[in-house]
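One-letter residues, chain by chain:
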Amino acid sequence: MLRVAIVGASGYIGGELLRLLHGHPRVTVVAATSDRLAGRRVDGPHPNLRGLTDLCFIGHDALEDVDADVLFLAAPHRETMGRMAGFLKLAATVIDLSGDFRLQDPETYASYYGVPHGAPQLIPEFTTGLPEWHRDRLASSDRIAVPGCMATAGILAVRPMAEAGLIEGTVHVDARTGSSGSGVSSGPAGAHAERSGALRVFAPSRHRHEAEIAQATGHTVRMSATGVEAVRGVQVLCRATLASGVTERDVRSAFRKAYADEPFVRVIAQRQGLYRLPEPKILTGSNFCDVGFAVSADDGTVLLIGALDNLVKGGAGGAVQCLNVRFGWPERTGLEFPGLHPN
């Protein structure tokens, strides 16, 4: 059994890692850190784990005494980079879910995160944790940076078109996300009285996931993000201009070619039906990302749509999928839950 430890396990992503890894047949969780909750059981902040584990949180400093093969990092952005050199000494494989090693250019990182990168020399060591486009490198990589939730949906929706040369110019991304995307410590903006019934544009421009989508697709990206009343879920609407002569058949062919053999990406672009295009409602708890499209023949544009559960495929599930790829296991291992309907 592979021994894994989770840093920052008291948050929502940490809780999902605990849930998924507890059910994974090839790993055992040997440590979960939280300075604030050290000594307390993990099923306190994660009550869905009651009766499933007796694990207790340990402080971050106690990690030095833990024998782990893999370290999952669910620590905050801007904080992780300063501690990464120490983390790399604690386990052979490190899977980072913060934003600190997703962007390849330190200057781009500083522009979007507002601080200089604290460990730019380590950036080239990390592989993007998106198996659909980086599977070969992930199979031998011990430094993995999992993309952000809206970035994952956006990349999976846009990249087939970009790779096939079917779009041109700037891609405009309208992203919607549930409240869990703000994390446990979201402050007053996450309170029910403020969030309920709201459609709040919290990033009218330059959301940090914009840079990840641009990096992965080679296109200029302009992105806004809106908080919606749902707890879980991300949906991105990506508008682009079709290259000259591109037809709907070309678009469908590009998606089918890109994702025909992918275990967790489904192409959903039907002409009728309640769920004829991707939406996150039916993906809750699953590691699927549904992608689809709608072509506007009259003006030569296309709407590319991606939907996922931000805590699973957009976070912990994506990290576990990367773990499976790295160690040569079937990618669905520990990730078989199909989602709920109705939900």
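These numbers come from a predicted model, not from an experiment.

Novice: How would you explain the packing of helix H4 (residues 131-138) against helix H9 (residues 312-326) if you had to name every residue and give the values?
Specialist: As a packed pair, H4 and H9 sit with axes 10 Å apart at the nearest point and diverge in direction by 35°. Helix-helix and strand crossings are classified by hand; for H4 and H9 the assignment is right-handed. Packed against H4, whose contacting residues are Pro131, Glu132, Arg135 and Leu138, the element H9 presents Lys313, Gln321, Cys322, Val325 and Arg326 at the interface. Residue composition of the contact of H4 with H9, by class: four nonpolar, one polar and four charged.

Novice: I'd like a rundown of unusual backbone geometry, residues and numbers included.
Specialist: For residues that are not glycine, phi is negative in most cases, and the peptide bond is trans in most cases. Of note, the amide linkage connecting His341 to Pro342 takes the cis form, showing an omega dihedral of -5°. Within the secondary structure, Pro342 sits in the segment after H9. Despite not being glycine, Arg78 has its phi angle at roughly 75°, a positive value. You can see Arg78 is positioned in the loop between strand S3 (70-73) and helix H2 (80-87).

Novice: Report on empty space enclosed by the protein, specifying residues and quantitative values.
Specialist: In this structure the tally under the stated criterion is one cavity of 30 Å³ or more. In this structure, the largest cavity encloses a volume near 30 Å³. Gly129, Leu130, Pro131, Val146, Pro147, Thr152, Lys313 and Gly318 are the residues that line the largest cavity. In the lining of the largest cavity, the residues fall into four nonpolar, three polar and one charged.

Novice: Describe the sheet that holds strand S1 (residues 2-7), naming the residues involved and giving the relevant values.
Specialist: Taking strand neighbours across the sheet as the criterion, the six strands line up as S2-S1-S3-S4-S6-S5 in an open arrangement whose pairing is parallel. Lying at the two open borders of the sheet, with one neighbouring strand each, are strand S2 (27-32) and strand S5 (127-128). Of the strand pairs in this sheet, S5 and strand S6 (residues 143-145) are connected by two bridges, and their pairing is parallel. Note on S6: the bridge partner recorded for Thr128 is Ala145.

Novice: Quick one: what's the story with the packing of aromatic side chains, residue by residue and with numbers?
Specialist: Following the criterion strictly, the structure yields six aromatic pairs and no others. With centroids separated by 4.4 Å and ring planes inclined at 5°, the aromatic side chains of Tyr109 and Tyr113 adopt a geometry described as stacked. Taken together, the residues span about one helical turn, with Tyr109 and Tyr113 both in helix H3 (residues 106-113) at a distance of four residues. There is no split in this pair, since Tyr109 and Tyr113 are both buried.

Novice: I'd love a proper account of the environment of Ser111, names of residues and values included.
Specialist: The topology assignment puts Ser111 in helix H3. Counting along the chain gives 98 residues from Ser111 to His209, while the straight-line C-alpha distance between them is 12 Å. A polar contact is formed between the side chain of Ser111 and the side chain of Arg206, at a distance of 2.6 Å.

Novice: Tell me what's going on with the layout of surface pockets, and back it up with residues and numbers.
Specialist: Estimated volume of the second largest pocket: approximately 280 Å³. If you trace the second largest pocket, you find 14 residues lining it, with Val228, Ala230, Arg232, Pro280 and Lys281 closest to the centre. Looking at the lining of the second largest pocket, the elements that each hand over two or more residues are strand S7 (167-177) and strand S10 (234-242). Residues of the lining of the second largest pocket, tallied by class, amount to five nonpolar, five polar and four charged.

Novice: Provide a residue-level description of the sheet that holds strand S9 (residues 221-227), including the pertinent values.
Specialist: Spatial ordering of the open sheet is given by S8-S9-S7-S10-S13-S12-S11, a layout of seven strands whose pairing is mixed. Whereas interior strands pair on both sides, the edge strands pair on one side only; in this sheet they are strand S8 (200-203) and strand S11 (265-267). Within this sheet the neighbouring strands show an average axis-to-axis angle of 25°, counted without direction. In the sheet, S10 pairs with strand S13 (residues 301-308) via eight bridges, with the strands oriented antiparallel. In the sheet register, Cys238 faces S13, and the bridge partner there is Leu304.

Reading guide: rules and limits
Residues numbered from 1 in each chain as written. Predicted model: local features only at pLDDT ≥ 70, side-chain atom pairs only at ≥ 80, totals over all residues. Heavy atoms only, no water. Axes fitted to C-alpha atoms, helices over the stretch in contact; angles between N-to-C directions. Helix = DSSP H or I, 4+ residues; strand = E, 2+ residues; numbered from the N terminus. Left-handed = near helix turned anticlockwise from the far one by under 90°. Contact = heavy atoms within 4.5 Å. Nonpolar A, V, L, I, M, F, W, Y, C, P; charged D, E, K, R; others polar. 1 Å grid on protein atoms, 1.4 Å probe; cavity = no way out; pocket = protein on both sides within 12 Å on 5 of 7 lines; lining within 4 Å. Points joined across faces, edges and corners; volume = space filled by probe spheres on them. Pairing = 2+ DSSP bridges. Phe/Tyr/Trp six-rings, centres within 6.5 Å; stacked < 30°, edge-to-face > 60°. Buried < 20%, exposed > 50% of the residue type's maximum accessible area, 1.4 Å probe, protein only. Polar contact = N/O pair within 3.5 Å; in protein donor to acceptor, adjacent residues only side chain to side chain.

Function cannot be read off these values alone, since they describe shape.
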